[in-house]
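Structural characterization, general
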Amino acid sequence: MRFLENGIMPRSAQTPNPGPQTPKMQRTHHCNELRKDHLGQTVTLAGWVNNYRDLGGVRFIDLRDREGITQIVFHPESKDAHALAQKLRREDVIAITGKCIDREGGANPKLETGEIEVDATFAEVLADAANPPFIPDEAEKVGEETRLRYRYIDMRRARSLNILKTRHRVAKLMRDYYDEQGFYEIETPFLCRSTPEGARDFLVPSRLQAGEFYALPQSPQIFKQICMVGGVEKYFQIVRCFRDEDPRADRQAEFTQLDMEMSFVDQNDVITTNEGMIRQLWKEVAGVEIPNPIPHMTYAHAMEKYGSDRPDLRFGMQLLDVTDAVSKTDFKVFSGAIAAGGVVKAIRVPGGAKMSRKETDALAEFAKEFGAGGLPTTKIEGGKLATGIAKFMEPITDELIAATDAEDGDLLCFGVDAKPATVHRVLGELRVKLGHDLGLIKEGDWQWVWIVDFPMVEWDDKTKRWKSLHHPFTAPKPEDIDKLDSTDHGTIASIKSNAYDLVLNGSELGGGSIRIHRSDVQGKVFKLLGIDDEEAKAKFGFLLDALSYGAPPHGGIAFGLDRIVMHLCNTTNIRDVIAFPKTQNGADLMTEAPSPVDEAQKKELHLRTVVPQKAPAGS
RNA sequence: GGGGGCGUAGCUCAAUUGGUUAGAGCACCGGCCUGUCACGCCGGAGGUUGCGAGUUCGAAUCUCGUCGCCCUCGCCA
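Residue numbers restart at each chain and count upward from 1, following the sequence in its written direction. A letter from A marks each chain and a number from 1 marks each ligand, given out in the order of writing. pLDDT decides what is reported in this predicted model: residues at 70 or higher carry local features, side-chain atom pairs at 80 or more are listed and counted, and totals for whole chains, interfaces and linings draw on all residues regardless. Remark: hydrogens and water are excluded; side-chain values derive from all non-hydrogen atoms of the structure.

Two strands qualify as a pair provided that DSSP identifies no fewer than 2 bridges between them. Secondary structure elements are defined from DSSP: runs of H or I of at least 4 residues count as helices, runs of E of at least 2 residues count as strands, and each element is numbered from the N terminus. Judged by pairing direction, the sheet is mixed, and its 8 strands sit side by side in the order 6-9-10-22-21-20-17-11 without closing on themselves. With partners counted over all chains shown, the strands left at the sheet margins are strand 6 (184–185) and strand 11 (296–298), one partner each. Direction of pairing for strand 21 (residues 507–514) relative to strand 22 (residues 554–560): antiparallel, over a ladder of 5 bridges. Pairing of I514 across the sheet is with G555, part of strand 22. Two residues form a contact once any of their heavy atoms are found within 4.5 Å. For every element, the axis is a line fit to its C-alpha atoms; helices are fit only across the contacting stretch, and the angle between N-to-C directions ranges from 0 to 180 degrees. Packed on one face of the sheet, helix 5 (residues 221–229) meets strand 9 (234–242), strand 10 (254–263) and strand 22 and runs near 20° to strand 10. Docked against the sheet, helix 6 (residues 267–286) engages strand 10, strand 11, strand 17 (448–452), strand 20 (499–504), strand 21 and strand 22, running at close to 30° with respect to strand 22.

On to the sheet that holds strand 14 (residues 377–381), then. Read across the sheet, 5 strands follow the order 12-13-16-14-15 without closing on themselves; strand pairing throughout is antiparallel. The open sheet is flanked by strand 12 (320–321) and strand 15 (384–386), the only strands paired with a single partner. Helix-sheet contacts for helix 9 (residues 332–339) involve strand 13 (343–349) and strand 16 (411–417), and the interaxial angle to strand 16 is about 40°.

A few words on helix 10 (residues 357–369). Its 13 residues give helix 10 an end-to-end C-alpha distance of 19 Å, which sits within 8% of 18 Å, the value for a rise of 1.5 Å per residue. Within the span of helix 10, buried status applies to T360, L363, A364, F366 and A367. Seen along its axis, helix 10 keeps its buried residues to an arc of 160°; they face one direction. In this structure, helix 10 carries R357, K358 and E369 as exposed residues pointing more than 90 degrees from its buried face. Packing partners of the buried residues in helix 10 comprise strand 16 and helix 13 (420–437). Looking one or two places after helix 10, you find G371, whose phi comes out positive at around 100°. Working rule for helices: expected span equals 1.5 Å times residues minus one. Summary of the burial criterion: residues with accessible area below 20% of their type's maximum are buried, those above 50% are exposed, and those between are partly exposed, where the area comes from a 1.4 Å probe applied to protein chains only. It is the directions from the helix axis to the C-beta atoms that the arc portrays.

The criterion for an aromatic pair is that two Phe, Tyr or Trp rings (for Trp, the six-membered ring) have centres within 6.5 Å, with stacked assigned to planes under 30 degrees apart, edge-to-face to planes over 60 apart and tilted to the rest. In the structure shown here, the tally under the stated rule is 17 aromatic pairs. Ring centres of W282 and W448 lie 4.8 Å apart, and the angle between their planes is 90°; on these two criteria the pair is classed as edge-to-face. Taken together, the positions of W282 in helix 6 and W448 in strand 17 put the pair 166 residues apart, joining distant regions of the chain. Since its relative accessible area comes to 2%, W448 is described here as buried. Ring geometry for F473 versus F526: centroids 6.3 Å apart, planes at 90°, classification edge-to-face.

The term disulfide is used for any two cysteine sulfur atoms that are within 2.5 Å. Under the defined criterion, the tally for this structure stands at 0 disulfides. Free cysteine: C31, not disulfide-bonded; nearest cysteine sulfur from C100 at 12 Å. According to the relative accessible area criterion, C31 is buried, its value standing at 0%.

When you tally the buried positions in strand 9, you get 7 out of 9 residues, the bulk of the element. Across 2 bridges, strand 6 lies against strand 9 in parallel orientation. Among the inter-strand pairings, Y184 is bridged to a residue of strand 9, identified as Y235. As paired elements, strand 9 and strand 10 share 9 bridges and run antiparallel to each other. Bridging across to strand 10, K234 finds its partner in M262.

Let us look at the pattern of salt bridges. Two side chains carrying opposite charge are able to pair once their charged atoms lie near each other. A carboxyl oxygen of Asp or Glu within 4 Å of a side-chain nitrogen of Lys or Arg is what we treat as a salt bridge. Here the structure, examined in full by the defined rule, presents 40 salt bridges. Two residues, E261 and K224, come together in a salt bridge whose shortest N-O distance is 3.3 Å. Separated by 37 residues along the polypeptide, E261 in strand 10 and K224 in helix 5 bring together distant segments of the chain. K224 shares its class with E261; the two are buried.

Within the largest apolar cluster, 65 residues are counted, with the highest numbers of intra-cluster contacts made by W282, F559 and I564. With residues up to four places along the chain from it excluded, the contact list for I564 reads V170, M174, I278, L281, W282, L509 and F559. We define the nonpolar core as a collection of buried residues of types Ala, Val, Leu, Ile, Met, Phe, Trp, Tyr and Cys that are connected through side-chain atoms lying within 4.5 Å of one another. If you look at the next biggest cluster of nonpolar residues, it comprises 21 residues, including F315, L319, V423 and L430.

For the rest of this paragraph, the subject is the pairing of strand 1 (residues 42–54). Here 7 bridges tie strand 1 to strand 4 (residues 93–102), and the two strands are oriented antiparallel to one another. Counterpart to L45 in the pairing with strand 4 is I96. Inspection of the sheet shows strand 1 paired to strand 2 (residues 59–65) by 6 bridges, in the antiparallel sense. Across the sheet, N51 pairs through a bridge with D62, a residue of strand 2.

Let us look at unusual backbone geometry. N292 connects to P293 through a cis peptide bond whose omega is 0°. Within the secondary structure, P293 is located in the loop between helix 6 and strand 11. Geometrically, the link from A593 to P594 is a cis peptide bond, its omega value of 0° lying close to zero. Looking at the secondary structure, you find P594 in the loop between helix 17 (561–569) and helix 18 (599–604). Although it is not a glycine, E233 adopts a positive phi angle of roughly 70°.

Another point: the confidence of the model for chain A. Residues of chain A with pLDDT of at least 70 account for 95%, and the chain-wide mean is 92. Confidence drops under pLDDT 50 across residues 615–619; counting only partners more than four residues distant or on other chains, this segment forms 0 contacts. We note a pTM of 0.93 for the whole complex and an ipTM of 0.94 for its interfaces. The pLDDT score gives, residue by residue, the confidence of the prediction method on a 0 to 100 scale.

Encoded structure:
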């Protein structure tokens, strides 16, 4: 079957023998197509009734399809069509045929087709609609719960369809880009082996192997590495990943990655290749030029100055080390933390002296959520310190003002803890909050940065183990490989890896690394992570085997497709960019998944469920 | 698992803070209307106030429990 460029079947291709389910009329144009050039043409349009205005004699409907809206007019002279129009209600699906005419009543500047209308001579109801719970035009005002339950109606509005279109274009541009660079798109399994590291797995019971389970992939990491061992050299995939953790505004348990991997490359090759993709994406979709190259920042610098490994560089307000200065005071909170190996840092809040006690208290409460004991503050007024811990800091006033570049009217917030990481976390979060609250962020600003030189591992106090910062397959920097044999805490903590994250406006868009391609090194890393030989063999034996049979040096990256689309569509809600998203309880309000299953189904899967008793309740 | 917010007609909201028969706009139904574009006018129907207990002469309102949705901490190699 041939289609015209606009996706509409030409009349010549229409089926010669339409059955009762087949519309009698095939559309010739979409609803955002007719202009004054078309005056006098007989056209057929189809779509949804967006609105109707029945003036008794003459009747109007706004006909909507995914491309736009065209006004249709029904005159009494076209008796059948006019009669049919009386019964039309919002969201009915109809087709009409008529002549494209100039508007008698004047143009409607709000519509792209506003200069014309179609005088309907024939009309057909393709499907009448039950009274909808809401109409697409109103969806912006409707609660999200209702919109999710009736996702297909929410989808009909221009904004939703535009997001879906943008998402499609993003995926298409990605595919084209990697294709041109010689990458193969390769599918990897969804039914996988559960791996010990990382997030909680979604499990799928095996029917054929009683009592055993598959896990849905958290990412195709191991498979793509094995593709490299298999000689693919350049792999990519747009792939669904699953992590059974609580969702957030920018996180779903089920999400999509652009995943890629390449052989015989170093970190720079991977960064350059992928930067090119991102650059093209932003140019094509957002019309924005990204700096070339995107600047790099070390993990250490990001933590020191921004308290985060995904710094938002759209505003300043850096973390300032005032440990030396404040160590000269008698303030026990500071001296105690410094004596215990901690640091004291400050952020200068421009104009923050205006804040009330209530407001600074709220900041302290905020800081406590991230592990702070409190949030010491002081204000600069008339060249002197005032309120808060001013009396303790008074002896070092000049030094403190010099160290922070503080001016009259500023507020200083201090982060203090025996653990520098806590100070960074608290002030990093506070910085971002204040940046938003104080309106320091320019709209339309895109601040890109690659974060590099990550530590390979960090010590987890809770489990008393080393944990991968990235994942267990990340290669240490070549000069640090010898340190893998060390037992010294400091030496191990100083191992850097060839890992990199791409950060946009304080949000991590993607991350990757050069991988370990030698089975002996991989074995050592597993050992360091507390995965002993036996477990490593049981859980990752196939990978170690694969690496032992000649693996090329390789590395790659994965981008969060959902987040990329969020940025391009200017939304902070990940559900906006997913066609059929889930709620915070992992429910799909439209299909009502998850649901109970039959006993017979469970039996087949060798399952018995134990559900905690709940008190009797309502709905 | 913790903290916070929300839940009243199909939708968006109100209800003088515990007091008559829970209201309005939109949508829906009926009628009128020949140039509207948020069409207009007249009329009508529509409620388990999420659910369940409790307090009270009386509960949308107060208490407890529970369910759902949103934000968030934990979690997310």
